[in-house]
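So you can see what is in the structure, the chains are spelled out below.
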Amino acid sequence: MFYREAGQYKTSYKEDSAIFPILQDRIAIWFYLAVAFVIIPLFGSEFLINSVMIPFLVFALATIGLNILTGYTGQISLGHGAFMGVGAYSTYKLVTYFPDTNVVVLILLSGFFSAAVGMVFGLPSLKIKGFYLVVTTLAAQFFLEWAFIRIPWLYNYNDSGAIEVPQREVFNIIVTGPDASVLSRYFVVLSIVVVMTWIASNIIHGRIGRSWMMIRDMDIAAELIGVRPLFAKLSSFAVSSFYAGVAGALMVFLWLGAAEVESFDVNVSFQILFMVIIGGLGSLVGSFLGAAFIWILPIVIRAVPRIMGMDINASTVEQLNFMIVGALIVLFLIIEPHGLARMWAILKQKLRVWPFPY
Amino acid sequence: MSFDESYTTPDGRTIGGVLMEMRNITLRFGGVTAIKDISFDIRQGEIRAIIGPNGAGKTSMLNVINGFYHPQEGEIIFRGETRRRMRPYEAASQGISRTFQNVALFQGMSTLDNIMAGRTLKMHKNFFWQMLRYGPALQEEIEHRKVVEKIIDFLEIQSIRKKPVGSLPYGLQKRVELARALAAEPSLLLLDEPMAGMNVEEKEDMSRFILDVNDEFGTTIALIEHDMGVVMDLADRVVALDYGKKIADGTPQEVQSNQAVIDAYLGVAH
Ligand SMILES: Nc1ncnc2c1ncn2[C@@H]1O[C@H](COP(=O)(O)OP(=O)(O)OP(=O)(O)O)[C@@H](O)[C@H]1O
Ligand SMILES: [Mg+2]
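Quick notes on the rules
- Numbering of residues starts from 1 in each chain and follows the order in which that chain's sequence is written.
- Naming scheme: in the order in which they are written, chains are lettered from A and ligands are numbered from 1.
- In keeping with the model being predicted, local features are shown solely for residues with a pLDDT of at least 70 and side-chain atom pairs are shown and tallied solely at 80 or more, while totals for entire chains, interfaces and linings include all residues.
- Derived side-chain values reflect all non-hydrogen atoms in the structure, with water molecules and hydrogen atoms excluded from consideration.
- Counting from the N terminus, the helices are the DSSP runs of H or I reaching at least four residues and the strands are the DSSP runs of E reaching at least two.
- To get the radius of gyration, use the C-alpha atoms; to get the globule rule, take the number of residues to the power 0.38 and multiply by 2.2 Å.
- For every residue, the accessible area obtained with a 1.4 Å probe (protein chains only) is divided by the maximum for its type, and the residue is called buried under 20%, exposed over 50%, and partly exposed between those limits.
- The criterion used for residue contact is that any of the two residues' heavy atoms lie within 4.5 Å.
- Areas reported here follow the Shrake-Rupley algorithm with a probe of radius 1.4 Å; residue values treat only the protein chains shown as occluding.
- In this tally Asp and Glu are treated as negative and Lys and Arg as positive; neither His nor the chain ends contributes.
- One atom stands in for each charge, and that atom is NZ of Lys, CZ of Arg, CG of Asp or CD of Glu.
- By the convention used here, strands pair only if DSSP detects at least 2 bridges between them.
- Any carboxyl oxygen of Asp or Glu within 4 Å of a side-chain nitrogen of Lys or Arg constitutes a salt bridge here.
- N or O atoms closer than or at 3.5 Å make up a polar contact, with two conditions inside protein: a donor-capable atom paired with an acceptor-capable one, and, for residues adjacent in sequence, both atoms drawn from side chains.
- Shown as donors are all N, O and S atoms within 2.8 Å of a metal ion, widened to 3.2 Å for Na, K and Ca; because water is not in the atom set, sites may appear incomplete.
- For patches, a residue must show more than 30% relative accessible area and have no salt bridge; joins then use 9 Å for like charges and 5 Å for nonpolar side chains, namely Val, Leu, Ile, Met, Phe, Trp and Tyr.
- For the domain bounds, the source is a domain assignment made automatically or taken from a database.
- Buried area is understood as the total, over both parts, of accessible area removed when two parts are fitted together, assessed with a 1.4 Å probe.
- Distances are taken per atom, and a residue is near a molecule or strand as soon as one of its heavy atoms is within 4 Å of it.
- In the scheme used here, Gly and all other residues not listed as nonpolar or charged are polar, with Ala, Val, Leu, Ile, Met, Phe, Trp, Tyr, Cys and Pro taken as nonpolar and Asp, Glu, Lys and Arg as charged.
- Here, nonpolar core refers to any group of buried Ala, Val, Leu, Ile, Met, Phe, Trp, Tyr and Cys residues whose side-chain atoms link them within 4.5 Å.
- For Phe, Tyr and Trp, rings pair up if their centres lie within 6.5 Å, where Trp contributes its six-membered ring, and each pair is then called stacked (planes under 30 degrees apart), edge-to-face (over 60) or tilted (otherwise).
- Whether a charge sits over a ring depends on NZ of Lys or CZ of Arg being within 6 Å of the ring centre and within 35 degrees of the ring normal.

**Details of the overall build of chain A**
- Scanning chain A from terminus to terminus reveals 14 helices and 4 strands.
- Rg of the C-alpha trace for chain A: 21 Å, near the compact-globule value of 21 Å for 358 residues, within the 12% margin.
- Principal-axis analysis of the C-alpha atoms places the extent of chain A at approximately 70 × 60 × 45 Å.
- The burial tally for chain A puts 51% of its 358 residues in the buried class.
- For chain A, restricting intrachain contacts to residue pairs at least 6 apart in sequence, the fraction spanning at least 24 positions comes to 73%.
- Counting every atom, chain A has about 17000 Å² of accessible surface; 71% of that belongs to carbon and sulfur.
- Of the side chains in chain A, 21 bear a positive and 20 a negative charge, and the two mean positions are spaced by 12 Å.

So, in structure tokens, the structure goes:
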């Protein structure tokens, strides 16, 4: 009834080519942005912002990165946890060497390092596909983990063996380090994620995004039509790893405050891959839904016994958590293999024709 | 018919000189010889049919023409120049585009995106502008969208514009594939069994589209087709293959009455 395009005639291809041609979708976007930029900072608790929203946004960004590669280009990677690490360690080196440069700029610059590393490890994709590519990206993961441990220069020879995030200011506001306020960190993360999501959407809806999807759907036909597989695959690896790298840098500098190699291990790679699959391959909205599902659901499950006044010890809750989330993942994939994004689309389609489905 | 002169067909179209010439092409896959010493040419503006029983080497011949297979022997002369060994997308950039025997659409993309994909080689705006979807990149996108919309109108597929192609019936998928090939504005269009698996009505539509493409855009067309009725209606000249060898070449009437062709088809029991 309320969600439909009836009466909204497109008078130009420009309007029809817009990314959200339906007015209600554009209103929804503004609504989400208002919630994220105004409502949550005004009314959200420190716990909500620091432990739910910031990591959710960081993982959503990493998920968008992996989705570009896996969902849009059809190349699977199990190395994205490590690519996040490349972003974090290179930001650490950059803030060490350029202490006076805006840290946000350095975080974005670190993306170029992870992009370069991602491209190098993406080279085998020109020759191999599927499981074999998974194995080479897994090798990248282990090689990089090794490097993060064995090259003390990367963590500035700290005794802890970890990245220790120094204090940095942007426009006289402390944004990194122990004294940075939750809100300032949240706004930096949110702004970067919003802008990078918008950019990802632009790329995906243009020539380059189409060339990725062409490679994904039928690489031979794509090549006959004029896509150069070398360029399409490597550009996808580069953009994807850029996103992962920035996400990794945000994770360490604006959320954790310190990190060692465990923060980028293969579990992280798997976690992001789950987010992509649960959210929906080849969907930006799905990337957010998937990150929310995998990150926020366990927090809710953990909170339930406390809210209901049940006295269950923490490790039992943790076990239950694994079981419930695991079961839900399986259930979801059986019901809708195309992920939450597809469910969302079906729901919207139903809304569009409601209340007269015929 | 002399070789380099143009002539006018009974229905008033002008057929020009030789656009592409295949000289003594031999193509082997390991022990299998798919094409044995075949020579023939395609003239500017004509509809050239390639016929033959299953496994005759027709698809292989199209694959040679668009640079996907590289023949072990022989020469390909395109626009008067001997073509060097090249990658398929180079053939595409020289104006050769094609459809496939088994529909090879991008199943996860909409009809519109599939046809836009056909314009890949004509779009050049760089990554920076793509990122912002603004200025030159947006302008380019809209310009090409206009061309694509013309093709959509031409092939009468307006109503499926936004549908994912995977959900379309086979006949429509074939039509979208033709649209995608046309989007590249090819000078030589290769169609591999464009009417396979279609009912009579769909075949008539497709025949009309092929004739219209040839007539309105002057596109040279090489097509593989099993239905002799369709071949007789569409083609200016026909080359017949059997077991990788050329067995006849000429007007549809000549080829149809050729004894070797009759034997080949009877032998395979069509
Ligand atoms: N990539 C390949 N590798 C090995 N053999 C091949 C390959 N492609 C074609 N062949 C062989 O070459 C021969 C000709 O095949 P082709 O597909 O060109 O026949 P066709 O005339 O198109 O037949 P159809 O009418 O069935 O489509 C066949 O014997 C086939 O098995
Ligand atoms: Mg064939």
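**Focus on the sheet that holds strand 4 (residues 32–43) of chain B**
All names here are of chain B.
- Read from one edge of the open sheet, 4 strands run 4-3-6-7, paired in antiparallel fashion. In the strand order of this sheet, the two ends are held by strand 4 and strand 7 (81–82), each with one partner.
- Pairing of strand 3 (residues 18–29) with strand 6 (residues 73–78) involves 5 bridges; the strand directions are antiparallel. Directly across from R23, in strand 6, lies its bridge partner E75.

**Thoughts on the interface of chain A and chain B**
- Taken together, the 29 residues of chain A in the interface contact 37 residues of chain B.
- On inspection of chain A and its partner chain B, the count reaches 2 salt bridges.
- Among the salt bridges present, the one from R87 of chain B reaches E223 of chain A, with a minimum N-O distance of 2.6 Å.
- The interface formed by chain A and chain B contains 9 residue pairs in polar contact (both at pLDDT 80 or more).

**Quick word on the side chain of T176 of chain A**
- Residue placement: T176 of chain A occurs in strand 3 (residues 173–176).
- There is a polar contact of 2.8 Å between the side chain of T176 of chain A and the backbone oxygen of P166 of chain A.

**Focus on the coordination of the magnesium ion (ligand 2)**
Residues and elements named next belong to chain B.
- Binding of the magnesium ion (ligand 2) to the protein goes through T59 (OG1) and Q101 (OE1), at separations of 1.9 to 2.1 Å. Highlighted residues: T59 in helix 1 (residues 58–65) and Q101 in the loop between strand 8 (96–98) and helix 3 (111–117), separated in sequence by 42 residues.
- For T59, a relative accessible area of 25% corresponds to the partly exposed category.
- The partly exposed category is assigned to Q101, whose relative accessible area is 29%.

**A look at the pattern of salt bridges**
- One pass over the structure, following the stated rule, counts 23 salt bridges over all chains.
- The partner of E141 of chain B in a salt bridge is R210 of chain A, and the shortest N-O contact between them spans 2.9 Å. On the criterion of chain membership, the pair formed by E141 of chain B in helix 5 (residues 136–154) and R210 of chain A in helix 8 (residues 207–217) is interchain, its members lying in two chains.
- When the shortest N-O distance is used, the salt bridge between D249 of chain B and R48 of chain B registers 2.8 Å. Separated by 201 residues along the polypeptide, D249 of chain B in strand 12 (residues 245–250) and R48 of chain B in strand 5 (residues 47–51) bring together distant segments of the chain.
- Where salt bridges share partners, they join D41, E46, R48, R237, K246 and D249 of chain B into one cluster.

**Focus on the side chain of Q173 of chain B**
Residues and elements named next belong to chain B.
- Tracing the backbone through its elements, the reader meets Q173 in helix 6 (residues 170–183).
- A polar contact is formed between the side chain of Q173 and the backbone oxygen of L168, at a distance of 3.0 Å.
- Sequence-distant contacts of Q173, defined by excluding residues within four places in its chain, comprise V103, L105, Q107, V165, G166 and L168.

**Observations regarding a nonpolar patch on the surface**
Residue and element names in this part refer to chain A.
- On the surface, a nonpolar cluster with roughly 820 Å² of combined accessible area is contributed by V300, V304, I307, M308, M310, I312, L320, M323 and I324.
- Elements that contribute at least two residues to the nonpolar patch include exactly helix 12 (284–307) and helix 13 (314–335).
- On the accessibility criterion, L320 (36% relative accessible area) is partly exposed.

**Some details on the domain arrangement of chain B**
Residue and element names in this part refer to chain B.
- Per the domain assignment, the segments of chain B are domain 1 (1–95 + 186–270) and domain 2 (109–184).
- Here the C-alpha centre of domain 2 lies 27 Å away from the C-alpha centre of domain 1.
- Of the residues lining the interface, 21 residues belong to domain 1; the matching set on domain 2 comes to 12 residues.
- Taking both partners together, domain 1 and domain 2 bury about 1300 Å²; carbon and sulfur atoms supply 74% of that area.
- Three residues, P186, M206 and F209, lead the burial of domain 1 against domain 2; their summed loss comes to 36% of the area buried on that side.
- Here domain 1 is connected to domain 2 by 2 salt bridges.
- For R175, the salt bridge goes to D205, with nearest N and O atoms at 3.5 Å.
- Applying the counting criterion to the domain 1 and domain 2 interface returns 2 residue pairs in polar contact (both at pLDDT 80 or more).

**Examining the site of ligand 1**
Residue and element names in this part refer to chain B.
- In the vicinity of ligand 1 there are 13 residues, among which G55, K58, T59, S60 and Q101 approach most closely.
- Between ligand 1 and the protein, one listed contact pairs an oxygen atom with a side-chain N or O atom of N54 at 3.0 Å.
- Within the backbone of G57, a nitrogen or oxygen atom sits 2.9 Å from an oxygen atom of ligand 1.
- Look at ligand 1: alone it shows 630 Å² of surface, and the protein chains cover 64% of it.
- Sorting elements by how many residues they give to the shell around ligand 1 places helix 1 first, with 3 residues.
- Split into classes, the residues belonging to the shell around ligand 1 amount to 4 nonpolar, 7 polar and 2 charged.

**Description of the nonpolar core**
- Counting residues in each nonpolar core, the largest one holds 104 residues, and the members touching the most others are M84, Y186, Y243, L250, F253 and F264 of chain A.
- Discounting chain neighbours no more than four positions away, the residues touching Y243 of chain A are L61, I64, G65, I68, M196, I199 and A200 of chain A.
- Counting 44 residues, the second-largest nonpolar core is a separate cluster that includes A181, M198, V238 and A248 of chain B.

**A word on the pairing of strand 3 of chain A**
Residue and element names in this part refer to chain A.
- Bridge count between strand 2 (residues 168–170) and strand 3: 3 bridges; the pairing is antiparallel. Across the sheet, residue E169 finds its bridge partner in strand 3, namely I174.
- Linking two consecutive strands that pair antiparallel, namely strand 2 and strand 3, is a turn of 2 residues; a positive phi of about 50 degrees is found at F171 within it.

**Comments concerning helix 8 of chain A**
- The buried fraction of helix 8 of chain A amounts to 9 of the 11 residues, a majority that puts the element mostly inside the structure.
- Where helix 8 of chain A is concerned, the buried positions are R207, I208, G209, R210, S211, W212, M213, M214 and I215 of chain A.

**Observations concerning the packing of aromatic side chains**
- For the structure shown, the criterion picks out 18 aromatic pairs over all chains.
- Arranged with centres 5.1 Å apart and planes meeting at 80 degrees, the rings of F112 of chain A and F242 of chain A form a pair that is edge-to-face. Pair noted here: F112 of chain A is in helix 5 (residues 103–122) and F242 of chain A is in helix 10 (residues 229–256), with a separation of 130 residues, a long-range link.
- Assessed through its relative accessible area of 54%, F112 of chain A is described here as exposed.
- Grouping aromatic residues by their ring pairs yields a cluster made of F37, Y186 and F187 of chain A.
- Sitting above the plane of the F209 of chain B ring, R208 of chain B keeps its charged end 5.0 Å from the centroid.

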